[in-house]
Amino acid sequence: MLTLALLTTALLFGGMVLYSFGFAAVLFAALPPDTAGATIRRTFPHFYLFVLGCAAIGAALVWPYDRIAASLLAVIALTTIPNRQILMPAINRATDTGAKTRFKWLHGASVLVTLGHIGLAGVALVRFLPDTAT
């Protein structure tokens with residue numbers, strides 16, 4: 001079970017990093033801005049479900065071994081819900097209505113939350129390392 005917890009947490013961390021710094025960047029470099037934006041918009045609901053699922057499963061799997069890591073993963077899962085259901089639609093509305101300042105603020109908030117999620121997943125992942133202080 002601990003191995004599954006480790007793999008799920010690693011998948012969460014790696015998936016968030018790849019999506020945030022790889023997929024999005026390549027998409028905007030390879031496609032015209034309108035096409036890249038529309039594609040990113042279509043993928044975000046799936047990204048958030050991936051984050052929610054991996055974080056929740058990881059939290060459940062690691063709970064018997066490390067309650068702190070499990071709590072960090074649970075925080076990621078729980079805070080992904082308002083990101084997907086409230087923040088993402090607000091960003092889309094701002095884009096659709098041409099509210100550029102509102103879009104920048106909302107997108108900035110989304111980026112900060114995602115960076116926070118990556119950081120929390122990283123901390124949870126590092127907790128799997130054996131204690132090297134002894």
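Refer to the structure presented above.
Residues numbered from 1 in each chain as written. Predicted model: local features only at pLDDT ≥ 70, side-chain atom pairs only at ≥ 80, totals over all residues. Heavy atoms only, no water.

Caption draft 1: Quick peek at helix α4 (residues 100-126). Its 27 residues place the ends of α4 38 Å apart at the C-alpha level, agreeing with the 39 Å of an ideal helix rising 1.5 Å per residue. Every buried residue of α4 is listed here: Leu106, Ser110, Thr114, His117, Ile118, Ala121, Gly122 and Ala124. (Helix = DSSP H or I, 4+ residues; strand = E, 2+ residues; numbered from the N terminus. Expected span 1.5 Å × (residues − 1). Buried < 20%, exposed > 50% of the residue type's maximum accessible area, 1.4 Å probe, protein only.)

Caption draft 2: Region of the structure containing the pattern of salt bridges. Within the structure shown, the criterion is met by two salt bridges. We note a salt bridge from Arg41 to Asp96, for which the minimum N-O separation is 2.8 Å. Highlighted residues: Arg41 in helix α2 (residues 33-62) and Asp96 in helix α3 (residues 67-97), separated in sequence by 55 residues. Judged by relative accessible area, Asp96 falls into the exposed class, the value being 53%. (Salt bridge = Lys/Arg side-chain N within 4 Å of Asp/Glu carboxyl O.)

Caption draft 3: How the structure looks around the side chain of Thr8. Tracing the backbone through its elements, the reader meets Thr8 in helix α1 (residues 2-30). The class of Thr8 is buried, set by a relative accessible area of 14%. A polar contact is formed between the side chain of Thr8 and the backbone oxygen of Leu4, at a distance of 2.7 Å. Look past the residues within four positions of Thr8 in its chain and what remains in contact with it is Cys54, Ile57, Gly58 and Leu61. (Polar contact = N/O pair within 3.5 Å; in protein donor to acceptor, adjacent residues only side chain to side chain. Contact = heavy atoms within 4.5 Å.)

Caption draft 4: Fine view of the packing of aromatic side chains. Per the stated rule, a full pass over the model turns up six aromatic pairs. Relative to Phe44, the ring of Tyr19 lies with its centre 5.3 Å away and its plane at 80 degrees, an arrangement referred to as edge-to-face. Of this pair, Tyr19 sits in helix α1 while Phe44 sits in helix α2; the two residues are 25 residues apart in sequence, bridging distant segments of the chain. Using a relative accessible area of 11% as the deciding quantity, one classes Tyr19 as buried. Accessibility expressed as a relative area gives 22% for Phe44, which makes it partly exposed. (Phe/Tyr/Trp six-rings, centres within 6.5 Å; stacked < 30°, edge-to-face > 60°.)

Caption draft 5: Fine view of the nonpolar core. Of all hydrophobic cores here, the largest spans 26 residues; its most connected members are Leu12, Met16, Phe47, Val51, Val62, Leu73 and Ile76. Elements represented by at least two residues in this core include exactly α1, α2, α3 and α4. Examining the composition of this core, we find that 10 residues originate from one element, α2, more than from any other. Once residues lying within four places of it in the same chain are set aside, the contact partners of Leu12 are Phe50, Val51, Cys54, Ala55, Leu73, Ile76 and Ala121. (Core = buried A, V, L, I, M, F, W, Y, C linked by side-chain atoms within 4.5 Å.)

Caption draft 6: Fine view of the side chain of Ser110. Mapped onto the elements of the fold, Ser110 is located in helix α4. Owing to a relative accessible area of 6%, Ser110 belongs among the buried residues under this scheme. Once residues lying within four places of it in the same chain are set aside, the contact partners of Ser110 are Tyr48, Leu87 and Ile91.

Caption draft 7: Local environment of the environment of Ala25. Mapped onto the elements, Ala25 comes out in helix α1. Given a relative accessible area of 43%, Ala25 falls into the partly exposed group. Distance from Ala25 to Tyr48, taken between C-alpha atoms, is 18 Å for residues 23 residues apart in sequence.

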